[in-house]
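Residue strings, one per chain:
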Amino acid sequence: SPAVGIALTVPAGFAGAYDADLWGLILASPKAGTRLGIWGASQATVDELVERVGEVLAEQGIEVTGEESRQTAPGGFDARFTALTAEGPALLLASLRAGEHGNAVAVVGLGRPADTDRLQSSVATVVHSINWRRPLAREWRAQLAGLRLSGGSRHSDYSPGGAGGGGSGASASQTTMDFC
């Protein structure tokens, strides 16, 4: 994602796409029975990304019930959690990293507890493949600062009616966005 300043490699056996509702890249390995979620931000701290990913997981009905372990890593941490999903208990692995340009990424793996090694390998593959770049979103800020966008719509309607006469109505709306 040039806008976020993060490039990475999708592990072999995984396929997926960006999910606009979840604001992340969602990958699945049907053969392995594991899923990966990858969230990036052009400007965020690891703590801010933890909060956002937690919200997304909760919205999906994934309840993180307990942290089993956490290890500090360069620019972030790796953690292992127990989670409850619609399919039952699961293992959730999270690796969060901050980049040198203020950007950050969270790689979350979800799978059966019996697939720990495969899940760890998949998450590690993504994390070790991350290539940090300067986010293009920073340039957008400079180009949009001070810009005003405005638009609106108008609508009118007339009904000749029947006994007792007709009726009419009109409406208008105006929207303005100022970028700072």
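All figures in this text were calculated on a predicted structure; none of them were measured in a lab. (Residues numbered from 1 in each chain as written. Predicted model: local features only at pLDDT ≥ 70, side-chain atom pairs only at ≥ 80, totals over all residues. Heavy atoms only, no water.)

1. As for the overall build of the chain
Line of reasoning, step 1. Per the secondary structure count, the chain includes 3 helices and 11 strands.
Line of reasoning, step 2. Each helix (α) and strand (β) of the chain, taken in turn from the N terminus, gives the series β-β-β-β-α-β-β-β-β-α-β-α-β-β.
Line of reasoning, step 3. Its C-alpha atoms give the chain a radius of gyration of 23 Å, more than 25% over the compact-globule value 16 Å for 180 residues.
Line of reasoning, step 4. Expressed as lengths along the three principal axes of its C-alpha atoms, the size of the chain is roughly 75 × 45 × 30 Å.
Line of reasoning, step 5. Across the chain, contacts joining residues at least 24 apart in sequence account for 51% of those joining residues at least 6 apart.
Line of reasoning, step 6. Of the roughly 10,900 Å² of accessible surface on the chain, a fraction of 53% belongs to carbon and sulfur atoms.
Line of reasoning, step 7. Here the chain contributes 14 positive and 18 negative side-chain charges, whose respective centroids are spaced 6 Å apart. (Helix = DSSP H or I, 4+ residues; strand = E, 2+ residues; numbered from the N terminus. Rg over C-alpha atoms; globule rule 2.2 N^0.38 Å. Contact = heavy atoms within 4.5 Å. Areas by Shrake-Rupley, 256 points an atom, 1.4 Å probe, with all protein chains shown as cover. Lys, Arg positive; Asp, Glu negative; His and termini not counted. Charge placed at Lys NZ, Arg CZ, Asp CG, Glu CD.)

2. Here's the deal with the environment of Ile26
Line of reasoning, step 1. Relative to the helices and strands, Ile26 is located in strand E3 (residues 24-29).
Line of reasoning, step 2. It is 8.9 Å that separates the C-alpha atoms of Ile26 and Trp39, two residues lying 13 residues apart in sequence.

3. Focus on the pattern of salt bridges
Line of reasoning, step 1. Applying the stated criterion across every chain, the model contains 7 salt bridges.
Line of reasoning, step 2. Asp115 serves as the salt-bridge partner of Arg112, at 2.7 Å between the closest nitrogen and oxygen. (Salt bridge = Lys/Arg side-chain N within 4 Å of Asp/Glu carboxyl O.)

4. Description of the nonpolar core
Line of reasoning, step 1. Within the largest apolar cluster, 22 residues are counted, with the highest numbers of intra-cluster contacts made by Leu92 and Leu96.
Line of reasoning, step 2. Contributing elements (two or more residues each) for this core: strand E4 (34-41), helix H1 (46-59), strand E6 (76-85), strand E7 (88-98) and strand E8 (104-111).
Line of reasoning, step 3. The biggest single contributor to this core is H1, with 5 residues.
Line of reasoning, step 4. With sequence-adjacent residues up to four places away left out, Leu96 is seen in contact with Val46, Leu49, Val50, Gly75, Gly76, Phe77, Val105 and Ala106. (Core = buried A, V, L, I, M, F, W, Y, C linked by side-chain atoms within 4.5 Å. Buried < 20%, exposed > 50% of the residue type's maximum accessible area, 1.4 Å probe, protein only.)

5. Observations regarding the confidence of the model for the chain
Line of reasoning, step 1. When the pLDDT values of the chain are averaged, the result is 89; 97% of them are 70 or greater.
Line of reasoning, step 2. For the chain, the element scoring lowest by mean pLDDT is helix H3 (residues 137-144), at 72; E8 scores highest, at 96. (pLDDT = per-residue confidence, 0-100.)

6. Some thoughts on the packing of aromatic side chains
Line of reasoning, step 1. Enumeration over the complete set of coordinates arrives at 0 aromatic pairs.
Line of reasoning, step 2. Stacked on the ring of Phe77, the Lys or Arg Arg70 has its end atom at 4.0 Å from the ring centre. (Phe/Tyr/Trp six-rings, centres within 6.5 Å; stacked < 30°, edge-to-face > 60°. Lys NZ or Arg CZ within 6 Å of the ring centre and 35° of its normal.)

7. A word on the sheet that holds E8
Line of reasoning, step 1. Ordered by their spatial adjacency, 7 strands build an open sheet running E2-E3-E4-E8-E7-E6-E5, and the pairing between neighbours is antiparallel. Two strands in the sheet have a free side with no partner beyond their single neighbour: strand E2 (15-19) and strand E5 (63-73). Neighbour-to-neighbour, the strand axes of this sheet turn through a mean angle of 15°, independent of strand direction.
Line of reasoning, step 2. Note that E6 and E7 share 10 bridges and pair antiparallel. Residue pairing for E7: Ala79 is matched across the bridge by Ala94.
Line of reasoning, step 3. Each of E4, E5, E6, E7 and E8 is contacted by H1, which is oriented at about 155° to E7, the strand it contacts most. (Pairing = 2+ DSSP bridges. Axes fitted to C-alpha atoms, helices over the stretch in contact; angles between N-to-C directions.)

8. Here's the deal with unusual backbone geometry
Line of reasoning, step 1. In this structure, Trp23 takes a positive phi of about 60° despite not being glycine.
Line of reasoning, step 2. Along the chain, Trp23 turns up in the loop between E2 and E3.

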